[in-house]
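Each chain is listed here by its residues.
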Amino acid sequence: MVDLATEYTAEELLATHPIAGPLVVAGVRCHGGFTADGTYVSPRTRFRADAIDAWQQHHTETFGTEILDVPLDTWPEHYPNVAQAKYLLAEGIRDPIVATLTRIGTVEGFGAVIRTCNVDNIQQFVADDVSGTALEHLDRGLLEAHARDEAGFGDEAGHKQMWYATRDIAFEHPLSAADEQALIERTTLGRAAPGAAATRPGGIDDLDASLGALIERMTRILLIELSAYRAFAWAEEVLSDGDLVAGDGEAARLVSYIRQDESPHVGYLRTALSELRDRTLIDRSGRRRPGETVIGGFFDFAVSQSTGAIRRSAVESARDEVDRSLTGIRRRATILEQFDALGSGSTADTDKT
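Residues numbered from 1 in each chain as written. Predicted model: local features only at pLDDT ≥ 70, side-chain atom pairs only at ≥ 80, totals over all residues. Heavy atoms only, no water.

Participant: Break down the overall build of the protein chain for me, with residues and values.
Facilitator: The secondary structure content of the protein chain amounts to 13 helices and five strands. Its C-alpha atoms give the protein chain a radius of gyration of 21 Å, within 12% of the compact-globule value 20 Å for 353 residues. On the principal axes, the C-alpha backbone points of the protein chain span a range of 65 × 50 × 35 Å. Taken over 353 residues, the protein chain has a buried fraction of 51%. The contacts of the protein chain with a sequence gap of at least 6 include a subset with a gap of at least 24, amounting to 78%. Here the protein chain has roughly 15,700 Å² of accessible surface; of this, 49% comes from carbon and sulfur atoms. (Helix = DSSP H or I, 4+ residues; strand = E, 2+ residues; numbered from the N terminus. Rg over C-alpha atoms; globule rule 2.2 N^0.38 Å. Buried < 20%, exposed > 50% of the residue type's maximum accessible area, 1.4 Å probe, protein only. Contact = heavy atoms within 4.5 Å. Areas by Shrake-Rupley, 256 points an atom, 1.4 Å probe, with all protein chains shown as cover.)

Structure (structure tokens):
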């Protein structure tokens with residue numbers, strides 16, 4: 001393998017490639033931009049992508065283990081699926097799709113809270129050296145770059161605004177400001193996160209509170225990012241259908257840019273959690289804990305929540321929006337029957353009628 005640099009400054013991890021032109025959507029300057037040949041360039045990746053590759057190579061060579069992963073094919077498909085979404089749009093039922101795009105944008109904006117999870121001197125909680133790792137760089141630009149990507153920074157819009165723009169392009173500004181806020185409160189803010197546990201598994205509660213919070217936040221955001229790949233594929237396919245949505249494919253292209261931007265998020269989160277998993281952690285009492293027990297135990301727990309209770313809650317919320325959109329429509333029963341017939345057939349997706 002080629003030896004790559006493993007030490008970076010915050011300025012380097014926040015640096016963007018030179019671009020020939022910015023990404024402007026509906027008059028709004030978004031992050032990222034284009035090279036002279038029209039290729040989209042993600043923001044803050046001038047050094048970040050190479051850094052993640054270097055940390056992964058360094059970790060594999062040091063510990064001989066694979067980087068933490070969840071195969072995408074084990075993740076539930078998006079609900080409603082592509083066929084269901086297209087069927088609703090063909091019937092003139094747009095509100096559930098508008099709601100989904102709005103919710104995705106809102107959740108993306110929440111990702112900015114990761115910048116608040118910095119741990120001062122993480123080395124004090126890890127028995128093994130963390131030099132030249134993603135862990136060492138979390139408070140040296142990695143968390144801040146992630147936050148800026150999601151919520152924007154300065155006069156550049158981030159993923160939150162880009163998802164809203166995707167919705168407005170595809171459906172020609174379907175919501176007033178008041179309607180948008182009501183939708184957010186109903187589908188996102190008004191729904192408590194399911195599956196919370198009084199005691200988290202793996203001994204994570206025995207760690208320093210700041211380290212435990214960091215591990216939990218990184219794990220949950222990683223799983224959100226992984227599940228988002230399903231949403232990206234779904235949105236690109238639905239929004240590229242010019243017979244059903246407006247914008248001549250622009251909305252789908254914008255989603256493809258967001259998908260590209262998310263790659264370093266998944267990369268550094270997988271890497272940092274792997275680095276903790278394969279090291280020895282020091283808990284609040286000074287005892288040493290195998291990282292594999294702490295990280296592995298909590299990761300498995302979080303995956304089961306994400307594919308179980310959290311998944312069911314998301315499906316229920318989406319189905320509520322379908323029901324709501326059909327209120328007062330004479331063909332409601334027929335449309336619901338056909339909608340459900342196009343589903344995956346899983347109980348979680350079709351048990352609410």
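Participant: Tell me what's going on with the packing of aromatic side chains, and back it up with residues and numbers.
Facilitator: Evaluation of the coordinates by the stated rule reveals eight aromatic pairs. Between F34 and Y40 the ring centres are 5.8 Å apart and the planes differ by 65°, which places this aromatic pair in the edge-to-face class. F34 sits in the buried class, given a relative accessible area of 17%. Residue class for Y40 comes out buried when judged on its relative accessible area of 6%. When the centroid spacing of 5.8 Å and the interplanar angle of 50° are considered together, the rings of F298 and F301 count as tilted. Placement of both F298 and F301 in helix α10 (residues 291–307) is noted, with a separation of three residues, approximately one turn of the helix. Pairwise contacts between aromatic rings join F34, Y40 and Y257 into one cluster. Here the guanidinium or amino end of R148 rests over the ring plane of F153, the centre of that ring lying 3.6 Å away. (Phe/Tyr/Trp six-rings, centres within 6.5 Å; stacked < 30°, edge-to-face > 60°. Lys NZ or Arg CZ within 6 Å of the ring centre and 35° of its normal.)

Participant: Report on helix α2 (residues 48–63), specifying residues and quantitative values.
Facilitator: Spanning 16 residues, α2 covers 22 Å between terminal C-alpha atoms, matching the ideal 22 Å at 1.5 Å per step. Taken together, the buried positions of α2 are occupied by R48, A51, I52, A54, W55, Q56, Q57 and H59. Looking at the packing, one finds that the buried side of α2 touches α1 (10–13), α5 (134–151) and α9 (250–277). Positive backbone phi, approximately 70°, marks G64, located one or two places after α2. (Expected span 1.5 Å × (residues − 1).)

Participant: Residue-level account of the packing of helix α4 (residues 95–110) against helix α6 (residues 159–171), with values.
Facilitator: α6 packs onto α4 with a crossing angle of 165° between their chain directions and a minimal axis gap of 7 Å. The angle between the axes of α4 and α6 places the two elements in the roughly antiparallel class. In this structure, α4 meets α6 at a crossing whose hand is left-handed. Where α4 abuts α6, its residues I97, V98, L101, T102, I104, G105, T106, E108 and G109 lie against H159, K160, W163, Y164, R167 and F171. Partitioned by chemical class, the residues of the contact of α4 with α6 number seven nonpolar, five polar and three charged. (Axes fitted to C-alpha atoms, helices over the stretch in contact; angles between N-to-C directions. Parallel < 35°, antiparallel > 145°, perpendicular 65-115°, else oblique. Left-handed = near helix turned anticlockwise from the far one by under 90°. Nonpolar A, V, L, I, M, F, W, Y, C, P; charged D, E, K, R; others polar.)

Participant: Mind laying out the pattern of salt bridges, listing which residues take part and the relevant values?
Facilitator: This model, assessed by the stated rule, comprises 22 salt bridges. Linking R44 and D149 is a salt bridge whose minimum nitrogen-to-oxygen distance equals 2.9 Å. Residue R44 is located in the loop between β3 (40–41) and α2, and its partner D149 is located in helix α5; the two are separated by 105 residues in the primary sequence. For the residue pair R44 and D149, the accessibility class agrees, reading buried in each case. Residues R148 and E144 are paired through a salt bridge, measuring 2.9 Å at the closest nitrogen-oxygen approach. Of this pair, R148 and E144 both sit in helix α5, four residues apart, roughly one helical turn. Several salt bridges converge on common partners, so that one network encompasses D206, D283, R287 and R289. (Salt bridge = Lys/Arg side-chain N within 4 Å of Asp/Glu carboxyl O.)

Participant: So what's going on with the nonpolar core? Which residues, and what values?
Facilitator: General note: in soluble globular proteins, nonpolar side chains tend to be found buried as a group. Counting residues in hydrophobic clusters, the biggest one holds 46 residues, and the most contacted among them are L138, L214 and I215. Other than its neighbours up to four places away in sequence, I215 contacts I204, L207, L273, L276, I295 and F298. Membership of the second largest hydrophobic core comes to 33 residues, among which are I104, A157, I169 and A231. (Core = buried A, V, L, I, M, F, W, Y, C linked by side-chain atoms within 4.5 Å.)

Participant: Summarise α4; cite the residues concerned and give the values.
Facilitator: The periodicity of an α-helix, 3.6 residues per turn, causes residues three or four positions apart to be oriented the same way. Under the 1.5 Å per step criterion, the end-to-end length of α4 is 23 Å for 16 residues, consistent within 8% with the ideal 22 Å. Across the 16 residues that make up α4, a large majority, twelve, are buried.

Participant: Can you explain the environment of R288? Please cite residues and give values.
Facilitator: Mapped onto the secondary structure, R288 falls in strand β5 (residues 288–290). Taking the C-alpha atoms as reference points, R288 and F125, 163 residues apart in sequence, are found 9.4 Å from one another. Ignoring sequence-local partners within four residues, the contact set of R288 consists of A127, T280 and L281.

Participant: So what's going on with the side chain of T187? Residues and values would help.
Facilitator: Relative to the helices and strands, T187 is located in helix α7 (residues 177–189). On the accessibility criterion, T187 (7% relative accessible area) is buried. Among the polar contacts listed, one links the side chain of T187 to the backbone oxygen of L183, at a separation of 2.8 Å. A polar contact of 3.4 Å, which involves the side chain of T187, links it to the side chain of T188. Those residues in contact with T187 that sit more than four places away from it in its chain are R103, S317 and E321. (Polar contact = N/O pair within 3.5 Å; in protein donor to acceptor, adjacent residues only side chain to side chain.)

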